[in-house]
Amino acid sequence: MVGFQIVDVPFNLDGWGPPESTTTSTLNHHSNHVPYAPFSRSDKLGRIADWTRSNHNNPNRNNNNRNSADSAFDFTIDDGLNPDDDSTFQLVDGKPPPRPKFGPKWRSNNNRNQLPQRRDEEVEARKREAEKQRARRDRVFHARGGQNQNPRREAAVLKSSVVIQPEWNMIDQIPFSTFTKLSYTVSEPEDLTTCGSVEYYDKSYDKTTPKSERRLERFKNRNFFKVTTTDDPVIRRLANEDKATVFATDSILSTLMCAPRSVYSWDIVVQRVGNKLFFDKREGSQLDLLSVNETSQEPLPEAKDDINSAHSLSVEAAYVNQNFSQQVLVRDGKKVGFEEANPFAAEGEEVASVGYRYRRWKLDNDVSLVVRCEVQSVIEVNDKKSYMTVNALNEFDPKYSGVDWRKKLDTQRGAVLATELKNNANKMAKWTAQAILASADMMKLGYINLNTSNMWGIVKAIVDLCMKLNEGKYVLVKDPQKPQVRIYEVPADAFENDYVEEPLPEDEQVQPPVENGEENGAANDVENKELKSEA
């Protein structure tokens, strides 16, 4: 084996590179043809050796432009090399390397505008574009003399459904974001008793079209009852018999179930009597009305006397639904009676076609719920009686709804229904919840998706929270401006006939507390119900 001898390498104490005072003996082992370019610490390091420098590809190149500093790396001018040695080499492939077909095209200079932007830059770009569009619309508006068929309306300032009095004590507040996480499954309910009677549905109304419209009738002689929970004699009897611990009506319970969809303010009275819990509504409560365009992006007029205001349309929708539910029936005197007569009608009084089903759900081993549910009609399908709920959507000014029913209902019925689902999501969800509670076989309106597990999860969480309250009277109020509900402790005579509720000036009304970053005042008990509800 050939031996390997390590030569002495001189060490330069004064700078970089070999020392100046090097003897010939020190470099006797080094090649005489190895170039060396002196440099200092301030110089930038470049190529060690440039093997691509050649004048063969460009024989007309001017050698006068050659940089003297790079001459040390130019082996073409080395006299020690024999140029005839290159004749022994043979060129194998002179084609340029293939360019990749795929890859980030934005690296080329021609596509600099396609550089990927960060997310915040994209958001800012969209905001700038929206500002440009808004400015363009404003210019067009002013160019037309400020006269626009659809002037831009400011967002309505929603008010609380009940005036918060100074003596009320806020117990807790629950954000709607907590409700969306809840889930609970209940077993099939049982009917404790049924009351009232219903008439058969007239199938000819299924063929009604805008070209064969029918005028809506008004039923002045038929009485409609909107009785709250504690005023119901049947619920009082069931409470005395200890049939359940929690009592409510379908309209009140559906409001709780669909609370995350609500926009307008509402309130529910909660009464804790002994070990029992009653969910009530105030006299003249907005729960007796039906909201219109609640979830729409287009605000309605605030003036209460305006025909298109939220209050006027709610009253109109309530009357339309009452009369429509009676008009679509076969009024030939043939009825289907239940176990007991109508508990709210006097003897000989003509009442609307409605059946009450008092149903009981078992929420857990200690808590059971009784709800008064309603059905409006019955129909025979395959020689079997099927009960149904009847609801109506009413048209109003197309400037606000966005759809002209008379033009679209025949050809684009699906578009009309989709618009109503968007603008009245809360109302239609409540109708669906009431139909589910009553176990109605049909709902004469359309199909609406509703998460029943989340629906019962909200009810279970509210019931568990209220069962921890002391015996007394409380009110559950939906905040008019924020997606949350608050529980207030109120006097025992609140909302009674002799209770005088004087509206306070706005500067004297009790304002809701300001939340911290994560709404620390939110209901901690409700947040912990998710895991317990799954059990």
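What counts, and at which threshold
- Residues numbered from 1 in each chain as written.
- Predicted model: local features only at pLDDT ≥ 70, side-chain atom pairs only at ≥ 80, totals over all residues.
- Heavy atoms only, no water.
- Helix = DSSP H or I, 4+ residues; strand = E, 2+ residues; numbered from the N terminus.
- Buried < 20%, exposed > 50% of the residue type's maximum accessible area, 1.4 Å probe, protein only.
- Axes fitted to C-alpha atoms, helices over the stretch in contact; angles between N-to-C directions.
- Parallel < 35°, antiparallel > 145°, perpendicular 65-115°, else oblique.
- Contact = heavy atoms within 4.5 Å.
- Phe/Tyr/Trp six-rings, centres within 6.5 Å; stacked < 30°, edge-to-face > 60°.
- Lys NZ or Arg CZ within 6 Å of the ring centre and 35° of its normal.
- Core = buried A, V, L, I, M, F, W, Y, C linked by side-chain atoms within 4.5 Å.
- Salt bridge = Lys/Arg side-chain N within 4 Å of Asp/Glu carboxyl O.
- pLDDT = per-residue confidence, 0-100.
- Patch = residues over 30% accessible without salt bridge, like charges linked within 9 Å, V, L, I, M, F, W, Y side chains within 5 Å.
- Areas by Shrake-Rupley, 256 points an atom, 1.4 Å probe, with all protein chains shown as cover.
- Lys, Arg positive; Asp, Glu negative; His and termini not counted.
- Charge placed at Lys NZ, Arg CZ, Asp CG, Glu CD.
- Expected span 1.5 Å × (residues − 1).
- Pairing = 2+ DSSP bridges.
- Polar contact = N/O pair within 3.5 Å; in protein donor to acceptor, adjacent residues only side chain to side chain.

### Some remarks on the overall build of the chain
The number of helices and strands found in the chain is twelve helices and 13 strands. When the 535 residues of the chain are sorted by exposure, 37% land in the buried category.

### Some thoughts on the packing of helix 4 (residues 250-257) against helix 10 (residues 452-467)
Helix 10 packs onto helix 4 with a crossing angle of 100° between their chain directions and a minimal axis gap of 8 Å. Compared by their axis directions, helix 4 and helix 10 come out roughly perpendicular. Of the residues in helix 10, those in contact with Leu253, Leu256 and Met257 of helix 4 are Met455, Trp456, Ile458, Val459 and Ile462.

### Concerning the packing of aromatic side chains
Evaluated as defined, the whole model comprises eight aromatic pairs. Where Trp168 meets Tyr488, the ring centres are 6.1 Å apart and the plane angle is 50°; that geometry is what we call tilted. One end of the pair, Trp168, is in the loop between helix 1 (119-143) and strand 1 (169-175); the other, Tyr488, is in strand 13 (residues 484-490), with 320 residues separating them in the sequence. By the burial criterion, Trp168 is buried, and Tyr488 matches it. For the ring pair Phe225 and Phe344, a centre distance of 6.1 Å and an interplane angle of 45° mean the geometry is tilted. Of the two residues, Phe225 is situated in the loop between strand 2 (190-200) and helix 3 (233-240) and Phe344 in the loop between strand 6 (335-337) and strand 7 (354-362); the sequence distance between them amounts to 119 residues. An aromatic cluster is defined as three or more aromatic residues linked by ring pairs; in this entry it consists of Trp168, Tyr488 and Phe495. Over the ring of Tyr205 we find Arg214, and its NZ or CZ is 4.1 Å from the ring centre. Across from the ring centre of Tyr184, 5.5 Å away, lies the NZ or CZ of Lys460, which sits over that ring.

### A closer look at the nonpolar core
Counting 51 residues, the largest nonpolar core has Phe179, Met257, Phe279 and Trp456 as the members making the most contacts within it. Of the residues forming this core, the biggest block, nine residues, is contributed by helix 10.

### Description of the pattern of salt bridges
Taken as a whole and judged by the stated rule, the model has 15 salt bridges. The residue Lys460 makes a salt bridge to Asp464 at a minimum N-O spacing of 2.6 Å. Residue Lys460 and its partner Asp464 are both found in helix 10; the two are separated by four residues, about one turn of the helix. Each member of the pair Lys460 and Asp464 is classed as buried. Here the salt bridges share partners, and the residues they tie into one network are Asp191, Arg357 and Arg359.

### A word on the confidence of the model for the chain
Note: predicted coordinates in regions of low pLDDT should not be interpreted at a detailed level. Per-residue confidence for the chain averages 75 on the pLDDT scale, and 68% of its residues sit at or above 70. Scored below 50 in pLDDT, residues 498-510 makes 20 contacts in the model with residues more than four places away or belonging to other chains. Counting interchain partners and residues more than four positions distant, the pLDDT-below-50 stretch residues 514-535 has 36 contacts.

### Structural notes on a positive patch on the surface
Side chains of Arg128, Lys132, Arg136 and Arg139 sit close together on the surface and give a patch of like positive charge. Position of Arg139 among the secondary structure elements: in helix 1. What makes Arg139 exposed here is its relative accessible area of 53%.

### Some words on unusual backbone geometry
Here Asn382, not a glycine, exhibits a phi torsion of approximately 55°, which is positive. Within the secondary structure layout, Asn382 lies in the loop between strand 9 (377-380) and strand 10 (385-390). Despite not being glycine, Ser439 has its phi angle at roughly 55°, a positive value. With respect to the secondary-structure elements, Ser439 resides in the loop between helix 9 (425-437) and strand 11 (442-444).

### Description of helix 9
Between its first and last C-alpha atoms helix 9 spans 18 Å; for 13 residues at 1.5 Å apiece the expected length is 18 Å, and the two agree. Most of helix 9 sits inside the fold, with twelve of its 13 residues counted as buried. Ser439 sits one or two positions beyond helix 9 and adopts a positive phi of about 55°.

### Comments concerning the pairing of strand 2
Here seven bridges tie strand 2 to strand 7, and the two strands are oriented antiparallel to one another. Following the sheet pairing, Gly196 is matched in strand 7 by Gly355. As defined by bridge partners, strand 2 adjoins strand 6 across three bridges and the pair is classed as antiparallel. By the bridge assignment, Ser197 is partnered in strand 6 with Gly337. Note that strand 2 and strand 9 share two bridges and pair parallel. By the bridge assignment for strand 9, Tyr200 is matched with Val378.

### With respect to helix 4
Counted residue by residue, helix 4 has eight buried out of eight residues, so it is predominantly covered. Those residues of helix 4 lying buried are Asp250, Ser251, Ile252, Leu253, Ser254, Thr255, Leu256 and Met257.

### Things to note about the side chain of Ser251
With respect to the helices, strands and loops of the structure, Ser251 is situated in helix 4. At 3.3 Å, the side chain of Ser251 and the side chain of Thr249 are in polar contact.

### Points about the environment of Phe344
Its relative accessible area of 15% is what places Phe344 among the buried residues. In the structure, Phe344 is positioned 111 residues away from Pro233 in sequence and 8.3 Å away in space, judged by C-alpha atoms. Here Phe344 is in contact with Phe225, Val227, Asp232, Pro233, Tyr356, Tyr358 and Arg372, once residues within four sequence places are set aside.

### Comments concerning the pairing of strand 7
The two faces of a sheet get side chains in turn, since along a regular strand they alternate between them. Burial within strand 7 is extensive, with seven of its nine residues counted as buried. Sheet topology note: the strand 7/strand 8 (residues 368-375) ladder contains eight bridges and is antiparallel. Across the sheet, the residue bridging to Trp361 is Leu369, located in strand 8.

### Considering the environment of Ala239
If you trace the backbone, Ala239 turns up in helix 3. Separated by 38 residues in sequence, Ala239 and Leu277 have C-alpha atoms that sit 9.9 Å apart. When sequence neighbours within four positions are dropped, the list of residues in contact with Ala239 reads Phe247, Lys276 and Phe278.

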